[in-house]
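# Structure at a glance
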Amino acid sequence: MKKNIVVLISGNGSNLQSIIDTIKRGKINGEIRAVISNKASAYGLTRAEQVNIPHFVFSRKDYDSNQSMDNAIAQKIDEFNTDLIVLAGYMKILTPEFTQHFQGKILNIHPSLLPKYAGLHTHQRAMEAGDTEHGMSIHFVNEEVDGGPVVLQAKVPIYPDDELDEVIERVREQEHRCYPLVIEWFCSNRLYCIDGKAYLDGKILSKQGYAID
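## What about helix H1 (residues 14–24)?
Buried within H1 we find Ser14, Asn15, Leu16, Ser18, Ile19, Ile20 and Thr22. At the C-terminal side of H1, glycine 26 shows a positive phi close to 75°.

The structure is reproduced here in structure tokens:
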């Protein structure tokens, strides 16, 4: 049985595209049932439209609170009998009620080697700190921002003469390579989350998750 996937985006949707392409190649035992954005201008909505994936916009201005907005999004997600929610550049903090409702079913990708540089501007912060390596983390989502159990991390070097765009692109290449892989782990029932711990093939993952250098 293929898993039902809903992807949440806010922008360009390059990770969404990598997931769409991997599914098309038959490498993920799942189907994207819907794409949801909190930004009507998100190009990821066009990507969804191009391959006939239902897509929806939920704008904060249309709701009296974050909670009521998240309730509406949750109701839409539930309509698709969703097995997995994939956050792919979704730039809005989820309410605790939302994350609890879908506990163990939400994956996020973050452009740093968590727990370093939770939040925004991660590449710039890593460079300003003089770090020689950076990377990305894929993790289950809980109530703590960028604080859920890590599934996989991939490292990239930072060279002394790097420009910001070079580091961003290096990390993005790893995102496009690794996110579809982790989604397939979930869709093939190899990956799951119990009591705040991530498991792969029945074994608990370390705090850094499954590392790819």
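## A closer look at the sheet that holds strand S8 (residues 191–194)
Adjacent strands of a sheet pair through backbone hydrogen bonds, lying either parallel or antiparallel. Taken in spatial order, the three strands of this open sheet run S8-S9-S10, and their pairing is antiparallel. Each of the sheet's edge strands pairs with one partner strand only, and the pair in question is S8 and strand S10 (203–204).

## Quick word on the layout of surface pockets
Considered as a void within the structure, the largest pocket measures approximately 1000 Å³ in volume. If you go around the largest pocket, you meet 40 residues; those closest to its centre are Gly89, Tyr90, Met91, Ile109 and Pro111. Mapped by element, the contributors of at least two residues to the lining of the largest pocket are H1, helix H4 (96–101), strand S5 (106–110), helix H5 (122–128) and helix H6 (164–187). Among the elements that take part in the lining of the largest pocket, H6 stands out by supplying five residues, more than any other. Classifying every residue of the lining of the largest pocket gives 16 nonpolar, 18 polar and six charged. Roughly 370 Å³ of volume is contained in the second largest pocket. Gly147, Gly148, Pro149, Val150 and Lys207 are, among the 18 residues lining the second largest pocket, the residues nearest its centre. Residues that form the lining of the second largest pocket fall into these classes: nine nonpolar, five polar and four charged.

## Here we look at the nonpolar core
Membership of the largest hydrophobic core comes to 37 residues, with the highest contact counts inside it found for Val151 and Ile183. At eight residues, H6 tops the list of elements feeding residues into this core. Setting aside anything within four residues of it in sequence, one finds isoleucine 183 in contact with Ile5, Ile19, Ile28, Leu84, Val86 and Leu107. In terms of nonpolar packing, the next biggest core, distinct from the first, is built from 19 residues, Leu8, Met69, Ile77 and Ile85 among them.

## Some words on the side chain of glutamine 174
With respect to the helices and strands, the residue glutamine 174 is situated in helix H6. Note on glutamine 174: relative accessible area 15%, which makes it buried. Discounting chain neighbours no more than four positions away, the residues touching glutamine 174 are Met136, Ala154 and Val156.

## Concerning the packing of aromatic side chains
Across all of its chains, the model carries five aromatic pairs by this definition. Ring centres 5.4 Å apart and planes at 75° place the aromatic pair tryptophan 185 and tyrosine 210 in the edge-to-face group. With tryptophan 185 in helix H6 and tyrosine 210 in strand S11 (residues 210–212), this residue pair connects regions lying 25 residues apart in the sequence. A relative accessible area of 5% places tryptophan 185 in the buried class. For lysine 76, the ring lying beneath its charged end belongs to phenylalanine 56, and the centroid distance is 4.5 Å.

What counts, and at which threshold
- Residues numbered from 1 in each chain as written.
- Predicted model: local features only at pLDDT ≥ 70, side-chain atom pairs only at ≥ 80, totals over all residues.
- Heavy atoms only, no water.
- Buried < 20%, exposed > 50% of the residue type's maximum accessible area, 1.4 Å probe, protein only.
- Helix = DSSP H or I, 4+ residues; strand = E, 2+ residues; numbered from the N terminus.
- Pairing = 2+ DSSP bridges.
- 1 Å grid on protein atoms, 1.4 Å probe; cavity = no way out; pocket = protein on both sides within 12 Å on 5 of 7 lines; lining within 4 Å.
- Points joined across faces, edges and corners; volume = space filled by probe spheres on them.
- Nonpolar A, V, L, I, M, F, W, Y, C, P; charged D, E, K, R; others polar.
- Core = buried A, V, L, I, M, F, W, Y, C linked by side-chain atoms within 4.5 Å.
- Contact = heavy atoms within 4.5 Å.
- Phe/Tyr/Trp six-rings, centres within 6.5 Å; stacked < 30°, edge-to-face > 60°.
- Lys NZ or Arg CZ within 6 Å of the ring centre and 35° of its normal.

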